[in-house]
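Chain by chain, the residues:
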Amino acid sequence: MEGKNYSLERFYFIFLMMRKYFSIVKRAYLWILIAITATVVSWVVFIFSAQFSEEFTGGISVVFNGKVKDAEFKEQLAQGLAEKGFPNLKVHLDNNVGQTKIKINNRLKDNEEVNKLSLAISNYLVESQTISSESDIVEQVVIGPSVGKYMTNTASRALGLWLLAMMIYMIFSFWTIRKNIAPGILATVVLFTSVLSISIPAGAYGIWMALDPTTQIDTVFIIAILTIIGYGINDVIIIFDRIRENMIRSNEKIAYANVFDESIRQTFKRSLGTSVSTLLVLIAMFVFGTGVIQRFSFTVGVGVVVSFLSSIFVAASTAYLLINLTKKVR
């Protein structure tokens, strides 16, 4: 027992020493280098694996009763549609319980061409005796290029307006400490950490797309990205709000490194608890869910982990570095 107690006391002593002497913000260059590297790698993976759903490109989605042999059927369907005047189509298949889903989301020039392709698919399924009649088609969704263009523009505006609104909020929220930290610095940090928070989940989603051709960029992915941005900004605001409180309590000569490090330590437990509890729910959704639920929970789950780490190691460190570049700090 004495040996065990000695080990615990020694561990606690080491923890106190690390708490006292280990400065997160003074290693700002290291954390930012890691963040930038991870961001670049993630976007490279995402871009090279990107497959947009018919919601963004326009296209056809058909679900019918019965199963088919994937590779053989895809080749035959592509050849059959080429004979009907639609060459070089990318066909994606998804076999569920007793049903098959065909997805073709090549960019077509107009809505009329999409409708012709839809009719050609139905005719091919009947002619090839893949289905006995059109009544075996459970669902058929036709999305024209104009709808895809509208969805793309709407998603882009939503992301842009969300980031702009958060930056404006940060500027007004921290106006009271503008003599110590320029609100523009905090707004810049919010933008940087938001990009980091969505980059790694995007990269992880890109790996999933590379492994599973039926996984595509759709509205569920956009919703997941917006959710991550909101969650990540909340983590950053918690730390910055504590920094603001500690600066107000400090004397005129503020030791920025000490204030930043102490604020991170004070909010660490709260941020960790929130992230873990959220992650447990997302893990349950991923394990017991299917389809879009799995993809949503996976993307947001990665985002929660990244948001927690970026708020602890990157957000305050970046703010400290920017202050260090604009004024002399201690």
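Refer to the preceding data block for the structure.
Residues numbered from 1 in each chain as written. Predicted model: local features only at pLDDT ≥ 70, side-chain atom pairs only at ≥ 80, totals over all residues. Heavy atoms only, no water.

**Brief notes about the overall build of the protein**
Point 1. A tally of helices and strands in the protein yields 10 helices and four strands.
Point 2. Ordering the α and β elements of the protein from the N terminus gives α-α-α-β-α-β-β-α-β-α-α-α-α-α.
Point 3. For the protein, the proportion of its 330 residues judged to be buried stands at 43%.
Point 4. Long-range contacts, defined as pairs at least 24 residues apart, comprise 80% of the intrachain contacts of the protein with a sequence gap of at least 6. (Helix = DSSP H or I, 4+ residues; strand = E, 2+ residues; numbered from the N terminus. Buried < 20%, exposed > 50% of the residue type's maximum accessible area, 1.4 Å probe, protein only. Contact = heavy atoms within 4.5 Å.)

**Considerations on the pattern of salt bridges**
Pairs can form between side chains of opposite charge whenever their charged atoms are close.
Point 1. Taken as a whole and judged by the stated rule, the model has two salt bridges.
Point 2. Where Arg295 meets Asp218, a salt bridge forms, and the shortest distance between an N and an O atom there is 3.2 Å. Residue Arg295 is located in helix H10 (residues 292-326), and its partner Asp218 is located in the loop between helix H7 (183-211) and helix H8 (219-249); the two are separated by 77 residues in the primary sequence. With respect to class, Arg295 is no different from Asp218; both count as buried.
Point 3. Linking Arg265 and Glu262 is a salt bridge whose minimum nitrogen-to-oxygen distance equals 3.6 Å. Placement of the pair is Arg265 and Glu262 together in helix H9 (residues 256-288), with a separation of three residues, close to one helical turn.
Point 4. A relative accessible area of 24% means that Arg265 is categorised as partly exposed. (Salt bridge = Lys/Arg side-chain N within 4 Å of Asp/Glu carboxyl O.)

**Considerations on the side chain of Thr318**
Point 1. Mapped onto the elements of the fold, Thr318 is located in helix H10.
Point 2. Here the side chain of Thr318 touches Val314 through a polar contact of 2.6 Å, landing on its backbone oxygen.
Point 3. If near-sequence neighbours (up to four positions away) are discounted, Thr318 is found in contact with Ile32, Val189 and Phe192. (Polar contact = N/O pair within 3.5 Å; in protein donor to acceptor, adjacent residues only side chain to side chain.)

**Let's talk about the nonpolar core**
Point 1. Residues Phe221, Phe240, Ile243 and Phe260 are the most contacted members of the largest nonpolar core, which totals 39 residues.
Point 2. Put simply, the parts of the chain that give this core at least two residues each are helix H2 (28-49), H7, H8, H9 and H10.
Point 3. Residues Ile60, Phe86, Val114 and Ile121 belong to the second largest nonpolar core, which totals 21 residues. (Core = buried A, V, L, I, M, F, W, Y, C linked by side-chain atoms within 4.5 Å.)

**A look at the packing of H9 against H10**
Point 1. Orientation of H9 relative to H10, taken along the N-to-C sense of each, is 175°, at an axis distance of 9 Å. Taken together, the axes of H9 and H10 lie roughly antiparallel to each other.
Point 2. Partitioning the contact of H9 with H10 into residue classes produces 22 nonpolar, six polar and no charged. (Axes fitted to C-alpha atoms, helices over the stretch in contact; angles between N-to-C directions. Parallel < 35°, antiparallel > 145°, perpendicular 65-115°, else oblique. Nonpolar A, V, L, I, M, F, W, Y, C, P; charged D, E, K, R; others polar.)

**As for the packing of H2 against H10**
Point 1. At a minimum axis separation of 9 Å, H2 and H10 run at an interaxial angle of 120°. By the angle class used here, H2 and H10 are oblique. The crossing of H2 and H10 is left-handed. Residues Ala28, Tyr29, Trp31, Ile32 and Ala35 of H2 form the contact with H10, whose own contacting residues are Phe313, Val314, Ser317, Thr318, Leu321 and Leu325.
Point 2. Residue composition of the contact of H2 with H10, grouped by class: nine nonpolar, two polar and no charged. (Left-handed = near helix turned anticlockwise from the far one by under 90°.)

**Observations concerning the packing of aromatic side chains**
Point 1. Scanning the model with the defined rule gives nine aromatic pairs in all.
Point 2. Plain terms: the ring middles of Phe268 and Phe308 are 5.8 Å apart, the flat faces sit at 55° to each other, and that makes the pair tilted. Here Phe268, found in helix H9, pairs with Phe308, found in helix H10; they are 40 residues apart in sequence, far enough to count as distant.
Point 3. Residue classification places Phe268 among the partly exposed residues on the basis of a relative accessible area of 37%.
Point 4. Between Phe286 and Phe298, the ring centres sit 6.3 Å apart and the planes meet at 40°, which makes this aromatic pair tilted. Remark: Phe298 occurs in helix H10 and Phe286 occurs in helix H9; sequence separation between them is 12 residues.
Point 5. With a relative accessible area of 24%, Phe298 lands in the partly exposed category.
Point 6. Ring pairing ties together the aromatic residues Trp43, Phe46, Tyr205 and Phe221, which thus form one cluster. (Phe/Tyr/Trp six-rings, centres within 6.5 Å; stacked < 30°, edge-to-face > 60°.)

**Digging into the environment of Gly230**
Point 1. Among the secondary structure elements, Gly230 is positioned in helix H8.
Point 2. The class of Gly230 is partly exposed, set by a relative accessible area of 23%.
Point 3. When the C-alpha positions of Gly230 and Ser197 are compared, they lie 10.0 Å apart, and in sequence the two are 33 residues distant.

**Details of the pairing of strand S1 (residues 59-65)**
Point 1. Within S1, six of the seven residues are buried, which leaves it mostly tucked inside the rest of the structure.
Point 2. In this structure, S1 lies alongside strand S3 (residues 99-104), joined through six bridges in antiparallel fashion. Note that in S3 the partner of Ser61 across the bridge is Lys103. (Pairing = 2+ DSSP bridges.)

**Comments concerning the environment of Ser297**
Point 1. Locating Ser297 in the fold gives a position in helix H10.
Point 2. Measuring from C-alpha to C-alpha, the distance between Ser297 and Leu282 comes to 5.1 Å, with 15 residues separating the pair along the chain.
Point 3. Excluding anything up to four places from it in sequence, Ser297 contacts Leu282, Met285 and Phe286.
Point 4. A polar side-chain atom of Ser297 sits 3.4 Å from the main-chain amide nitrogen of Phe286.

Nothing here speaks to function; it is geometry throughout.
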